[in-house]
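Residues per chain are reported as follows:
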Amino acid sequence: MNDTIKVNWKQLLCRILLYFVVVLICVVILYPYFTMTVTALKSRSEIFSINGTILPIDVKWSNFADIWEKAPMLRYMINSILIAGGSTLIAMVCGIPAAYALARMKFKGQTAFLGFIIVSQMFAPVVLLIGIYKVMSVFGLTNSIWGLIFINAAFNQAFTIWLLRGTFMSISAEMEQAATIDGCNRIQAMFKVLLPVAAPGIVTTLIFIFINAWNEYTVALCLISTDVYKPLTVGINIFNGYNIIEWQYLFASSLFAIVPVVILFMSIEKNLTEGLTAGGVKG
């Protein structure tokens, strides 16, 4: 009886400690967003007040409306959607066949090519910024949305191939062989059998690429100089002036930049879970 009580106490203490750690991690992660939200609801005078408080005394919901008048936010958001969507599409169109070839075919130099993919992930865009700018200048893409689409697609290509290759290798090749017996060629078997089963991995990769392209800042800051072509991450710098920073507008626009990514994840999360279940049944 005493041993049982001791075991229960140990389990209770472990559970309490686990909950405490989880709550602490959530607080650390969510605190920046809390700060952004409360600052976006303050007036400029309250932000710079010496006797200011954490929560806004006079809530200024008008800050969220003012940013649309003070900056071309709609244009920035459309640019970000075009850049993130376009780079995701290109990366997936190029990455799926490459990952399929690496997972299902054997050819000379395959190991070296896989090593090159891993090595290419080690180079951050900042390191290659001068070279990127020169190449984009040669092709006339320094001040173009297309330039950012190609750059983001290129820097996400290695991850796309590597992740999808692992996804395809986890699926039995016998399913495709059965499809070829039924009269399908290799391409038809890939589209009709492999890709539907690999849907969870494809969706996960798609989300990763889109979020990376949506959040990209450094390359866009260096390549884009015309206001009409700026993505949202660069465009909101309009509230970051030489003499003063409009923190209330900067944080309000930053919240708008976060919302599309959150909506995307929430809308796909259910489909991702269903895809995982369906993929397990089909496998």
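Cut-offs used in this document
Residues numbered from 1 in each chain as written. Predicted model: local features only at pLDDT ≥ 70, side-chain atom pairs only at ≥ 80, totals over all residues. Heavy atoms only, no water. Salt bridge = Lys/Arg side-chain N within 4 Å of Asp/Glu carboxyl O. Buried < 20%, exposed > 50% of the residue type's maximum accessible area, 1.4 Å probe, protein only. Patch = residues over 30% accessible without salt bridge, like charges linked within 9 Å, V, L, I, M, F, W, Y side chains within 5 Å. Areas by Shrake-Rupley, 256 points an atom, 1.4 Å probe, with all protein chains shown as cover. Helix = DSSP H or I, 4+ residues; strand = E, 2+ residues; numbered from the N terminus. Expected span 1.5 Å × (residues − 1). Core = buried A, V, L, I, M, F, W, Y, C linked by side-chain atoms within 4.5 Å. Contact = heavy atoms within 4.5 Å. Phe/Tyr/Trp six-rings, centres within 6.5 Å; stacked < 30°, edge-to-face > 60°. Lys NZ or Arg CZ within 6 Å of the ring centre and 35° of its normal.

1. A closer look at the pattern of salt bridges
Right, so step 1: All told, the structure shown has two salt bridges when counted by the stated rule.
Right, so step 2: The salt bridge partner of Lys 60 is Asp 58, with a shortest N-O separation of 3.6 Å.
Right, so step 3: The residue Lys 230 makes a salt bridge to Asp 227 at a minimum N-O spacing of 3.7 Å.
Right, so step 4: Residue class for Asp 227 comes out partly exposed when judged on its relative accessible area of 32%.

2. Regarding a nonpolar patch on the surface
Right, so step 1: Side chains of Leu 17, Phe 20, Val 21, Leu 24, Ile 25, Val 28, Ile 29, Leu 30 and Tyr 33 sit close together on the surface and give an oily, nonpolar patch of about 890 Å² of accessible area.
Right, so step 2: On the basis of relative accessibility, which here comes to 46%, the residue Leu 24 falls in the partly exposed class.

3. Describing helix 9 (residues 186-197)
Think of an α-helix as turning once every 3.6 residues; residues three or four places apart then point the same way.
Right, so step 1: For helix 9, built from twelve residues, the straight-helix expectation of 16 Å at 1.5 Å per residue is met to within 8% by its first-to-last C-alpha distance of 16 Å.
Right, so step 2: Those residues of helix 9 that sit buried are Ala 189, Met 190, Val 193, Leu 194, Leu 195 and Val 197.

4. A few points about the nonpolar core
Right, so step 1: Formed by 26 residues in total, the largest nonpolar core has its most connected members in Ala 40, Phe 64, Ile 67, Met 73, Trp 214, Leu 232 and Phe 239.
Right, so step 2: When residues of this core are traced back to their parent elements, those giving at least two are helix 1 (2-40), helix 3 (62-70), helix 4 (73-104), helix 10 (199-215) and helix 13 (247-282).
Right, so step 3: In terms of residues, this core owes the most to one element, helix 13, which gives nine residues.
Right, so step 4: Look past the residues within four positions of Met 73 in its chain and what remains in contact with it is Ile 67, Trp 68, Leu 232, Ile 236 and Ser 253.

5. Details of the packing of aromatic side chains
Right, so step 1: Under the defined criterion, the tally for this structure stands at ten aromatic pairs.
Right, so step 2: Pairing Phe 239 with Tyr 249 gives two aromatic rings, centres 5.7 Å apart and planes at 45°, and the pair type is tilted. Of this pair, Phe 239 sits in the loop between helix 12 (232-235) and helix 13 while Tyr 249 sits in helix 13, and the two are ten residues apart along the sequence.
Right, so step 3: Here Phe 239 falls in the buried class, since its relative accessible area comes to 5%.
Right, so step 4: Over the ring of Trp 162 we find Arg 165; its NZ or CZ atom is 5.7 Å from the centre of that ring.

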